[in-house]
Amino acid sequence: YPKADLIIPNAIGTEQDLINAFNIDKNKIQVIHNLLDIKKIFELQKEPVEMDESIFTFVTVGRFFDQKNHLLLIKTMKDINAKLIIIGDGVLRDELENTIVEYKLENKVFLLGQQANPYKYLSKADCFVLSSDYEGFPNVLLEALACKLPIISTDCQSGPREILAPGSDVNFQLKDDIEIGEYGILTAVGNSESLLKAMKRIFTDSVLRKTLIKKADTRASAFDKNIIIEEWIGLLKIK
């Protein structure tokens, strides 16, 4: 870091870590967020897939690692009349499968494994949920926005708050309850009551769902590849 002319994190939260943990001069840091190929996502989500759209469906995507805290999300499903699709795989698969059986959720929670095209599932679900304990900058939230999904996410460090509630203080973190952000709902990290409250709210409040769906396009467009590439070009002073 001391030898670098410029350090480019992909999140404001990471910028704060660089300043606080490594004493990096803020003037040497420039945040540039990850990009989305919105046009490609739009085309991929058109691929047909069999899903019972008469049942309210939550969806999440992520590796089966402790960080993602899928166990919290699975256990929460016992108290809500909906189904959950989990796309991904990893070392915790057996534990997740055993938990589904233990809580008798075989007809509510479905592990689909890794999918070459997750967008076809996202676009047909009703809400995206991220239950992570921590993140860097969760691209999956951008992808969910591009698929016009209302979002529930833990208020983990870092990423979700600056994506879903960009006008708020990124250093703030919920300890309980929920927060209705401009582009999604934030919940307390590792808190089942907070997560359940948010899921029930999005499940029952059609007005809120429609509002978030209408805003999703606008937020996703801020991360479109053409915009982010221009930021890189400007940074590198390429004319």
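Above this note sits the structure.
Okay, so let's go over this structure.

Reading the values: the criteria
- Residues numbered from 1 in each chain as written.
- Predicted model: local features only at pLDDT ≥ 70, side-chain atom pairs only at ≥ 80, totals over all residues.
- Heavy atoms only, no water.
- Buried < 20%, exposed > 50% of the residue type's maximum accessible area, 1.4 Å probe, protein only.
- Helix = DSSP H or I, 4+ residues; strand = E, 2+ residues; numbered from the N terminus.
- Pairing = 2+ DSSP bridges.
- Right-handed = clockwise from strand over helix to strand, strands pointing away.
- Disulfide = S-S within 2.5 Å.
- Contact = heavy atoms within 4.5 Å.
- Axes fitted to C-alpha atoms, helices over the stretch in contact; angles between N-to-C directions.
- Parallel < 35°, antiparallel > 145°, perpendicular 65-115°, else oblique.
- Core = buried A, V, L, I, M, F, W, Y, C linked by side-chain atoms within 4.5 Å.

Right, let's talk about the pairing of strand β3 (residues 109-113) for a bit. Successive residues of a regular strand alternate their side chains across the two faces of the sheet. What you see with β3 is a clean split: Val109, Leu111 and Gly113 sit on the buried side and Phe110 and Leu112 on the side with no burial. Examined bridge by bridge, strand β2 (residues 83-87) and β3 share four bridges and lie parallel to one another. In the sheet register, isoleucine 87 faces β3, and the bridge partner there is glycine 113. Handedness of the crossover joining β2 and β3 through helix α4 (residues 93-102) is recorded here as right-handed.

Here is the idea: a disulfide is a covalent bond, and it sits between the sulfur atoms of two cysteines. Here the structure, examined in full by the defined rule, presents zero disulfides. Distance from the sulfur of cysteine 127, which forms no disulfide, to the nearest cysteine sulfur (cysteine 147) is 13 Å.

With respect to the element layout, isoleucine 8 can be found in the segment before α1 (12-22). Separated by 24 residues in the primary sequence, isoleucine 8 and isoleucine 32 place their C-alpha atoms 6.5 Å from one another. Among residues more than four places away in sequence, those in contact with isoleucine 8 are Gln30, Ile32, Trp232 and Leu235.

Let us look at the packing of helix α8 (residues 192-204) against helix α9 (residues 206-221). For the pair α8 and α9, interaxial distance at closest approach is 5 Å and the crossing angle is 90 degrees. Between α8 and α9, the interaxial angle falls into the category roughly perpendicular. Residues Arg201, Ile202, Phe203 and Thr204 of α8 pack against Ser206, Leu208, Arg209 and Leu212 of α9.

Among the nonpolar cores identified, the biggest contains 34 residues, and Val59, Leu122 and Phe128 are the most heavily contacted of them. Secondary structure elements with two or more residues in this core: β2, α5 (119-122), β4 (127-130), α6 (139-146), α7 (160-164) and α9. The element best represented in this core is α6, accounting for six residues. Membership of the second largest hydrophobic core comes to 30 residues, among which are Leu73, Ile74, Ile100 and Cys127.

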